[in-house]
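Below, each chain spelled out in residue letters.
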Amino acid sequence: MTIGPDIERAGDIDRRLLMDRSVAGRRAFTLPESDVPVQELPDPSLLRDDIELPEVSQLEVIRYFSLLSQLNFSIDTNFYPLGSCTMKYNPKINDELANLPGLADIHPLQPAETVQGAIRLLKELQDDLGEITGLPGVSLAPLAGAQGEYAGLLIARAYHQARHDAERTVAIIPDSAHGTNPASASMAGLEVVTVRSDDQGNVDVENLRELADSRTAAFMLTIPSTLGLFEPNILEITKIIHDAGGLVYADGANLNALLGLVKLGDLGVDICHSNLHKTFSTPHGGGGPGSGPVLVRADLARYLPEPVAEKTGDGPDSTYRLAAPADSIGPLNGFHGSFSIAARAYAYIRALGIEGLRSVSENAIIGANYIQAGLKDRYDLAADRYCMHETVLSATRQKKRGVSGLDIAKRLLDFGIHAPTMYFPLIVEEALMIEPTESESKETLDHFIAVMRQIDDEVDSAPELIHDAPHDLPVTRLDEATAARRPVLRWSAE
Amino acid sequence: MTIGPDIERAGDIDRRLLMDRSVAGRRAFTLPESDVPVQELPDPSLLRDDIELPEVSQLEVIRYFSLLSQLNFSIDTNFYPLGSCTMKYNPKINDELANLPGLADIHPLQPAETVQGAIRLLKELQDDLGEITGLPGVSLAPLAGAQGEYAGLLIARAYHQARHDAERTVAIIPDSAHGTNPASASMAGLEVVTVRSDDQGNVDVENLRELADSRTAAFMLTIPSTLGLFEPNILEITKIIHDAGGLVYADGANLNALLGLVKLGDLGVDICHSNLHKTFSTPHGGGGPGSGPVLVRADLARYLPEPVAEKTGDGPDSTYRLAAPADSIGPLNGFHGSFSIAARAYAYIRALGIEGLRSVSENAIIGANYIQAGLKDRYDLAADRYCMHETVLSATRQKKRGVSGLDIAKRLLDFGIHAPTMYFPLIVEEALMIEPTESESKETLDHFIAVMRQIDDEVDSAPELIHDAPHDLPVTRLDEATAARRPVLRWSAE
Amino acid sequence: MLDAIGVGSLDDLIGDIPPEHRHPRLNLAPGLSEQELAAEFAAIAAENASPARGYISFLGAGAYRHYIPSTVRSILQRGEFVTAYTPYQPEAAQGTLQVGFEFQTIICQLTGMEVANAGMYDGPTAFAEACLMAARITRRTRIGVLSTADARLPGTLMAYSKYQDIELVDIDPDATEIPDDLACISIQSPNFFGEIEDVEHLTKLAHEKGALSVVHVNPTALGMFRPPGDFDADIVTAEGQPLGVPLAFGGPYVGLFACKRAHIRQMPGRIIGKTTDTRGRVGYVLTLQTREQHIRRERATSNICTSTQLIGLMVTVFVATLGKQGMKDLAQLCYQKAHYAAAEIGRLAGFEVESASSGGSSGSGSSGKAYFHEFVVRCPGPPAAINAALLKRKIIGGLDISDRSDNGMLVCVTETSSKADIDRFVAALGVIGAAR
Amino acid sequence: MLDAIGVGSLDDLIGDIPPEHRHPRLNLAPGLSEQELAAEFAAIAAENASPARGYISFLGAGAYRHYIPSTVRSILQRGEFVTAYTPYQPEAAQGTLQVGFEFQTIICQLTGMEVANAGMYDGPTAFAEACLMAARITRRTRIGVLSTADARLPGTLMAYSKYQDIELVDIDPDATEIPDDLACISIQSPNFFGEIEDVEHLTKLAHEKGALSVVHVNPTALGMFRPPGDFDADIVTAEGQPLGVPLAFGGPYVGLFACKRAHIRQMPGRIIGKTTDTRGRVGYVLTLQTREQHIRRERATSNICTSTQLIGLMVTVFVATLGKQGMKDLAQLCYQKAHYAAAEIGRLAGFEVESASSGGSSGSGSSGKAYFHEFVVRCPGPPAAINAALLKRKIIGGLDISDRSDNGMLVCVTETSSKADIDRFVAALGVIGAAR
Ligand SMILES: Cc1ncc(COP(=O)(O)O)c(C=O)c1O
Ligand SMILES: Cc1ncc(COP(=O)(O)O)c(C=O)c1O
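Residues numbered from 1 in each chain as written. Chains lettered and ligands numbered in written order. Predicted model: local features only at pLDDT ≥ 70, side-chain atom pairs only at ≥ 80, totals over all residues. Heavy atoms only, no water.

**Considerations on the overall build of chain A**
In terms of regular secondary structure, chain A is built from 15 helices and 13 strands. Taken over C-alpha atoms, the radius of gyration comes to 25 Å for chain A, in line with the 23 Å a tight globule of 494 residues would show. Put simply, chain A has 494 residues, and 70% of those count as buried. Taking as baseline every contact in chain A between residues at least 6 positions apart, the subset at least 24 positions apart corresponds to 71%. Taken together, the 43 basic and 71 acidic charged side chains of chain A have centroids lying 2 Å from each other. (Helix = DSSP H or I, 4+ residues; strand = E, 2+ residues; numbered from the N terminus. Rg over C-alpha atoms; globule rule 2.2 N^0.38 Å. Buried < 20%, exposed > 50% of the residue type's maximum accessible area, 1.4 Å probe, protein only. Contact = heavy atoms within 4.5 Å. Lys, Arg positive; Asp, Glu negative; His and termini not counted. Charge placed at Lys NZ, Arg CZ, Asp CG, Glu CD.)

The structure is reproduced here in structure tokens:
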């Protein structure tokens, strides 16, 4: 509907950029006057004349970014069943706690005696994560899951090297794996060998048996898998790898399904990472920051990336410090990892306790199966069995009727529901990967099921409605091809 | 546009109330377990069985209120030129400062020695406001402008009474006054007598001269007036009232126009109130809270409502306390006024300093005149002269062409601009009272002018666009008559 | 912009200001940067004794320390709520309006009343307006106030009614009869001393005489005690602060105001009603505005304009967060902790726990009346001296009410005091008492 | 819900988990209420020495204390930004995307470079990825690193390149020639010791040999010093923390990454591009995704997935708030205060201010190189002992760098230190030095 020249919709934000809004001399902020005697400046040849930067008022800053925020879908405003991403509710208190004076304003290089509280928190979180996964060696240093993976693979290589078994240069990875797994393996100088999934979505054990050999450095298994399935042959698999002399690496990004239900270490996993920003309550921030601790069995702890928090003494006399493990693979980044995220994870675990954590996973699993049960007559399942925390549907039936997984995803946006993860895992055609998480109510799941069923109806009754979706978002579908072909990556004066 | 059954627009919030979302046993929050021995409960006859209250999850709380917030226009997201309301930008830092531990968590009845910082802040704010207005007696106790007015009128009555002149029971009030003025006067037991405005929007001095007599307790003048005009005969007016033995009360709600430009006390004003929540930076909160300090000339300070902050001693040895003035009109509310708002006002004044305060008013005045200049060929002016911080237009010309002030106000909403104050002051037909404030940029004012001119075009070219406005807000025009005739004021089970 | 206006300088625009008074000298400090301002406020805050500096406190008496859930602060940061005005354009303010409707609902549910408004300035002004409303409804001028009420309640009423031909009449809470011509009797329960009054009985007395019953409650207590609505009260008011609002040295708070449906049109303050738009969709509007000053001017039910919408939002989010069970648990926790503290203090030599209002002897709640989370301690000496000694131990003691009760200290304990805090307080009292 | 699924219990759903390992015992504490959790965190925070507890600090060395404007915190509270995911559905993420585009613009403007990505994990990882990118572009394996760089930069690079056939080569900052076969020389400027390196000269040396110039900057310094783009640098990286990000004991921070347009397709990390929708309206999308792991898997330019979008938002709001003038003022203030502190310390008996890297004699900046807001003090004894003595006075001294410079202490002064703080620090150093 057109409601007047130039205006399509009330409050449509004017999309001009900060530089377009800039007016010479305008200011949002002033700094204090200098209170020290004037100091001589360096040689003028070192100094820059001017910087081209925005000049706007404080109101403009607030209004611009406030309006921009409203263009987003988010957990705080929308159901966001994005598979593999664990878009759950993160308690608001955790953000507050992480920002407390005494936590948010301490310098990473302060002497240990001035940051005992901070290091104690890290140590206790290490212990809790070790307990939850059954892998007691923990470094919180990695800054995201991908860095955790990389750290884990470096540890595997260091382990083999120490055993004079350095010719192990292969990482076996299932075809369903997340892209970071092969990317990390290749950074770690490993050759990626793909193991097939069987028709049940499990690792093809026979195929794995063929591939596992004296060149196997590590087998990387996402558990539950990216299909949302728990690998039923896990014990056999870890045995195959161990028998071949390799290590088992678990991608723990999906730990939200396992809390209190099983410990990875008990299954023969040697190394894993955990995405604190998924399972343990850091809001995703539009794409980070994250925290991807790496966890290992006891004898591998000597290789962990530095630093690791340590405790000396007991009771009120105990002191805490950060240290580098004996044969550390080194620092992976500037300081000690994402401390504020560790603080949130610590708060989350403390608040929930063991009972709470277990019910997180139980409810996450029930929610995913509830959606699966509500949709499986309309959408194909990637695997026709109970799932864990997420279910992967396939829009092949819809595709045959002229509507793709992408179309369905876009159409969901019209209902204020964020799209599932599309076209992943790669082994499922027209994949729609749905992870409702434990925090959504049954009513929300019912609504989602109803909408998905309605969309399936529309495939026949009103396909153009789906093809043209989304209809009333700030933009319609965007031309990604041109964006990539002729990249415009920054503002410039017209 | 209909984009599917049941759905009109993406993300349209489902307007069910909390009770409709409630599910038995669901919880957003838990309290600690009791850590004291179990205590005996009182007689069961005193205890209630149950309370009907919402039961929702924490995610639902956050999502529900976040989505509701997005249904609002606000300064943070919209130009909001609501006349008389001073919808200006309030620095975000002030909210933070008011919420600091040590300010937000102190009890009003703490011993004075434990709250020296808080009382010092109040004392310094009293002094600053006294300096700005030229009225040195200040109580910060009133909780909003209307309460400040009432306090001021009680003071006037107390003053007359002390002079054995208690038969003064009339408040003279201009016909342009805000509704709180006559309402407050009547609460104070005063008879309201209305003085006319002349055709320039000024007080009709001759009329005033006739009305002022030995029954005059006070003359209440809004300055600048609700027409946005500074009373040119102010000195004559204050003399007339004083000569008649009355007191001059200034409604200082519009102080945003006068900072550093003139002191009310210098003009013969005896009593005024100031709306801290307008001029001195408290966000309006969707309708409060407020703070309406009452300010008086020195000899009237003995009547101020309690408490007033006092300082003893000087320099580092000085101490602060709250006290009741000698002949205080009493307490007007529970404690010491809106402390958090006083803290914001103090921060605002300290941040701006005298230069900053003056430029607030200068820019507020320039902005209003700029809009007036940009629209006066299309819209009638209530008074054809330079205005102060706001300009009052009249939509009489548009009305003749079939479109009311109300219609224009609603149509503005379509452009993401909040409507001006409508139909006030009552003496202007089809009034549209526009107060841009100092915080809006020239580009925003230009945009507003362009939109107002476009709407004037539409009066002829597309009147139905205006009549049916707003078009794309969460609701179209609402049926206020039925709401008042058959009031539904709370949720109930259907 | 001056060019576009057609003037040369600002002074051309303010020609109406008498030149001799224009641009006065102001004695104000120069401006500060945000960084400097933050430092100044840190210094001011550090001059106050607060929990952040390790103090524990047993003050109540009308303002109560409670834990405020993070959800309240989180929603309070939504600029769309914080920086909006009174919802005069309902189409652009459905957020504020729907929240207000939720608030009204919650207040009704807590108090057991039929209707509520969207909030008043604070508890005492709500109380005062309720009494004046009773006078309007009954067309009577004498207002009975229970002698056990907080002095700030009749105090505010007195200031509010100074020129309105209203007389205040003291009523004994144990009265078996009341004067014939009262507009209402107004009952604070829990009363100033923390005790539960017999609202049912007093309301009956009132109704027998054609008077209304105005009940001023503590909303936290309503998590366990029967609400005034159960007893046929006519108007209920309360200080809303305990429901998620920071103490903030006394304000801003929010007054709660509920009444019987029959009295709707005499109710002061903002009222939000449900309606539909031109397309039949549900929406909310300010309603019954003809009671208000901007329409009715000198004949309005009250002069209130700017109210306390944002504090109402805090209350709404607080109650929504705690929910049915949380509100019950909160009341129970407060009750348990206060009664534990009273029992412990009662065991101290020289201290008696009693109800000041009844002059009873010793033991907890010796007046025979139940109490909620506040009680009166008779100290072995002036409470002021004892409080001073407590303060040295970083304990802010109860309120000195020796003006109303001999050596009386009004002690409040909420869920924010741990057993360790209470024990520390009791131990300190013991030491201080023994030293006398 | 179990009914609808058609199972009797949760265990029916997790039948694939080996029964003997199901439901293990976990040794974790029971859960806490929010109120208890808040109390526990207050206790943890109180165990740390922070400005909130009256400490002043002169630590820098890669993480810097700056005043963070309230606008940053205010916008960081917008749930729509905070609780969104990576913008894989651009139609539902234009907020995040447009902010990222602003971020890229600002990084280009500050560094003087043509293009930037939307952020890396932190400064050192950005540096490491830049060096690896140079190796990819030049197809060379030897990476020159200036000997004045923070050890954390080559340290991270080493970990990142462990199995990638990369060799690190130490380069003297005053070199007049470099090896023929370098992929790049990487220059930290200001270097670890706070000094400005001759980026122009070193870049020329690199280009003469077909190598790239990778420059790692401090973004605050770019408010006054010429940006690497002026000197034809190829890749620029930085730790973004100084731009509005809390110190937070080391993270999360954000790495800044910019380069020449020609190298766009070798750039790691998220990149946001401008495009149009089907109705011709401007919109933003993640672009050049074929470089990334989720498309290219083992052949991706980097394994990075979750990045640091929200920290990028902080940086964007910070720079938008300070604006052109604020960024200049900030750099000047830091420079002025640091140089004042250096001059005062230089006057103390036993202390010399010098550039550790050059081993120069005395006086401020005796290496002859200009420095920004950090400098090296040679102490009259082990810095560890001096720092311990400072700590007793609630002063956190500079970083002990005696491993790189004899009795060296790296001192940083920013706009957050008042003259009084600096004077207190200098006076304490004087007393402590005299006592030796
Ligand atoms: C299964 C899986 N593995 C690894 C990752 C990588 O984690 P991050 O994004 O924190 O680097 C992800 C995240 O998207 C994931 O879903
Ligand atoms: C001119 C004028 N006077 C008085 C008032 C009343 O102030 P308050 O709303 O704070 O009670 C207002 C506010 O709307 C006003 O604009």
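Next comes the rest of the description.
**Side note on the overall build of chain C**
What chain C contains, in helices and strands, is 13 helices and 15 strands. A compact globule built from 436 residues would reach a C-alpha radius of gyration of about 22 Å, and chain C, at 25 Å, matches this within 12%. Overall, chain C is about 85 × 60 × 45 Å in size when its C-alpha atoms are taken along their principal axes. Buried residues in chain C amount to 69% of all 436 residues.

**Remarks on the site of ligand 2**
Neighbouring ligand 2 are 15 residues, the closest being Ser-84, Gly-145, Asp-251 and Lys-278 of chain B together with Thr-306 of chain C. Looking at the residues close to ligand 2, they fall on chains B and C. At a separation of 2.7 Å, an oxygen atom of ligand 2 approaches a polar backbone atom of Gly-145 of chain B. A distance of 3.1 Å separates an oxygen atom of ligand 2 from a polar side-chain atom of Asn-275 of chain B. Coverage of ligand 2 by the protein chains reaches 99% of its 390 Å² of free accessible surface. (Near = heavy atom within 4 Å. Polar contact = N/O pair within 3.5 Å; in protein donor to acceptor, adjacent residues only side chain to side chain. Areas by Shrake-Rupley, 256 points an atom, 1.4 Å probe, with all protein chains shown as cover.)

**Some words on the site of ligand 1**
In the vicinity of ligand 1 lie 15 residues, with Ser-84, Gly-145, Asp-251 and Lys-278 of chain A together with Thr-306 of chain D positioned nearest. The environment around ligand 1 is built from residues contributed by chains A and D. Here an oxygen atom of ligand 1 and a side-chain polar atom of His-277 of chain A are 2.8 Å apart. Side-chain polar atom of Thr-306 of chain D to an oxygen atom of ligand 1: 2.5 Å apart, as the coordinates give it. Protein chains bury 99% of the 390 Å² of accessible surface belonging to ligand 1 in isolation. Elements with a contribution of two residues or more to the shell around ligand 1: α5 (145–162) and α9 (276–279) of chain A. With three residues, α5 of chain A is the largest single contributor of residues to the shell around ligand 1. Taken together, the residues of the shell around ligand 1 sort by class into five nonpolar, seven polar and three charged. (Nonpolar A, V, L, I, M, F, W, Y, C, P; charged D, E, K, R; others polar.)

**What to know about the interface of chain C and chain A**
When the parts of a complex come together, some accessible area is lost, and that lost area is often taken as the interface size. Facing ten residues of chain C, the contacting portion of chain A comprises ten residues. Of the roughly 770 Å² buried where chain C meets chain A, counting both sides, 49% is carbon and sulfur surface. Looking only at chain C, the three residues that lose the most surface to chain A are Ser-33, Glu-34 and Ser-70 of chain C, adding up to 43% of its buried area. The interface formed by chain C and chain A holds one salt bridge in total. Taken together, the links from chain C to chain A amount to three residue pairs in polar contact (both at pLDDT 80 or more). (Buried area = accessible area lost by both parts, 1.4 Å probe. Salt bridge = Lys/Arg side-chain N within 4 Å of Asp/Glu carboxyl O.)

**A short note on the interface of chain C and chain B**
Each side of the interface is counted separately: chain C has 178 residues, and chain B has 189 residues. Ranking the residues of chain C by area buried against chain B places Glu-91, Tyr-163 and Phe-249 of chain C at the top, with a combined share of 7%. Taken together, the links from chain C to chain B amount to eight salt bridges. Lys-324 of chain C is the partner of Asp-50 of chain B in a salt bridge, and the nearest nitrogen-oxygen pair spans 3.1 Å. Across the contact surface, chain C and chain B share 93 residue pairs in polar contact (both at pLDDT 80 or more).

**Remarks on helix α8 (residues 152–161) of chain D**
For α8 of chain D, the buried fraction is high: nine of the ten residues fall into the buried class. When we look at burial in α8 of chain D, the residues that qualify are Arg-152, Leu-153, Pro-154, Gly-155, Thr-156, Leu-157, Ala-159, Tyr-160 and Ser-161 of chain D.

**A closer look at the packing of aromatic side chains**
A full pass over the atoms with the stated rule returns 28 aromatic pairs over all chains. Relative to Tyr-88 of chain C, the ring of Tyr-85 of chain C lies with its centre 6.1 Å away and its plane at 45 degrees, an arrangement referred to as tilted. On the basis of relative accessible area, Tyr-85 of chain C is assigned to the buried category, the value being 3%. Judged by relative accessible area, Tyr-88 of chain C falls into the partly exposed class, the value being 28%. The ring centre of Tyr-163 of chain D lies 3.9 Å from the NZ or CZ of Arg-157 of chain A, which sits over that ring. (Phe/Tyr/Trp six-rings, centres within 6.5 Å; stacked < 30°, edge-to-face > 60°. Lys NZ or Arg CZ within 6 Å of the ring centre and 35° of its normal.)

**Observations concerning the sheet that holds strand β3 (residues 191–195) of chain B**
Residues and elements named next belong to chain B. Taken together, seven strands build an open sheet; the order of strands is β1-β7-β6-β5-β4-β2-β3 and the sheet is mixed. In this open sheet, the two strands that pair with only one neighbour each are β1 (137–139) and β3. Sheet twist, expressed as the mean angle between neighbouring strand axes with direction ignored, is 25 degrees. Two strands pair when backbone bridges link them, and strand β5 (residues 247–252) and strand β6 (residues 271–274) are joined in this way by four bridges, in the parallel orientation. Bridge pairing in β6 places Ala-250 opposite Cys-272. Docked against the sheet, helix α5 (residues 145–162) engages β4 (216–222), β5, β6 and β7 (294–296), running at close to 170 degrees with respect to β5. (Pairing = 2+ DSSP bridges. Axes fitted to C-alpha atoms, helices over the stretch in contact; angles between N-to-C directions.)

**Here's the deal with the pairing of strand β8 (residues 255–259) of chain D**
All names here are of chain D. Most of β8 is tucked away, with five of its five residues classed as buried. Side-chain alternation along β8 places Gly-255, Phe-257 and Cys-259 on one buried face and Leu-256 and Ala-258 on a second face that is also buried. Sheet topology note: the strand β2 (residues 115–116)/β8 ladder contains two bridges and is antiparallel. Residue Val-115 lies in a different strand from β8, and its bridge partner there is Cys-259. Pairing analysis gives five bridges linking strand β7 (residues 235–239) to β8, with the strands arranged antiparallel. Bridging across to β8, Ile-235 finds its partner in Cys-259.

**Regarding helix α12 (residues 405–414) of chain B**
All names here are of chain B. Among the ten residues that make up α12, nine are buried, leaving the element largely enclosed by the rest of the structure. Those residues of α12 lying buried are Gly-405, Asp-407, Ile-408, Ala-409, Lys-410, Arg-411, Leu-412, Leu-413 and Asp-414. Where α12 is buried, its residues contact α11 (396–400), β12 (421–422), β13 (431–434), α13 (442–461) and α14 (463–467). Within two residues after α12, Gly-416 carries a phi angle of roughly 75 degrees, on the positive side.

**Quick word on the domain arrangement of chain A**
As far as domains go, chain A holds domain 1 (1–30 + 49–71), domain 2 (93–352) and domain 3 (355–483). The C-alpha-based centres of domain 1 of chain A and domain 3 of chain A are spaced at 35 Å. (Domains from an automatic or database assignment.)

**A few points about the nonpolar core**
If you look at the biggest cluster of nonpolar residues, it comprises 221 residues, and the most contacted ones within it are Phe-65 of chain A together with Phe-280 of chain B. Dropping the residues within four chain positions of it, Phe-280 of chain B is found in contact with Leu-129, Ile-132, Leu-255, Leu-259, Ser-274, Asn-275, Arg-344, Ala-345, Tyr-348, Ile-349 and Leu-357 of chain B. By size, the runner-up hydrophobic cluster in this structure holds 220 residues, among which are Phe-79, Ile-172 and Ala-409 of chain A together with Cys-334 of chain C. (Core = buried A, V, L, I, M, F, W, Y, C linked by side-chain atoms within 4.5 Å.)

**Things to note about the domain arrangement of chain C**
Residues and elements named next belong to chain C. Considered domain by domain, chain C is made up of domain 1 (51–68 + 323–434) and domain 2 (73–316). Distance between the C-alpha centres of domain 1 and domain 2: 28 Å. Taken together, the contact between domain 1 and domain 2 spans 31 residues of the former and 33 residues of the latter. Overall, the association of domain 1 and domain 2 removes approximately 2400 Å² of surface from exposure, summing both partners, and the carbon and sulfur fraction of that is 62%. Counting across the interface, domain 1 meets domain 2 through two salt bridges. Between Lys-369 and Glu-197 there is a salt bridge, with the nearest N and O atoms lying 2.9 Å from each other. Among the secondary structure elements, those contributing two or more residues to the side of domain 1 that touches domain 2 are α11 (309–346) and β12 (374–378). Ranked by residues supplied to the side of domain 1 that touches domain 2, first place goes to α11 with seven residues.

**Overview of the confidence of the model for chain A**
When pLDDT drops low, the exact placement of atoms in the prediction is not to be read closely. Mean pLDDT over chain A works out to 95, with 97% of the residues at or above the 70 mark. Residue range residues 1–11 of chain A is modelled with pLDDT below 50. Its contacts to residues more than four positions away, or to other chains, number 30 contacts. (pLDDT = per-residue confidence, 0-100.)

**Points about the state of the cysteines**
Enumeration over the complete set of coordinates arrives at zero disulfides over all chains. Looking at the unpaired Cys-334 of chain C, the closest cysteine sulfur is the one in Cys-412 of chain C, lying at 7.4 Å. Unpaired in terms of disulfides, Cys-184 of chain D finds its nearest cysteine sulfur in Cys-131 of chain D, a separation of 4.4 Å. (Disulfide = S-S within 2.5 Å.)

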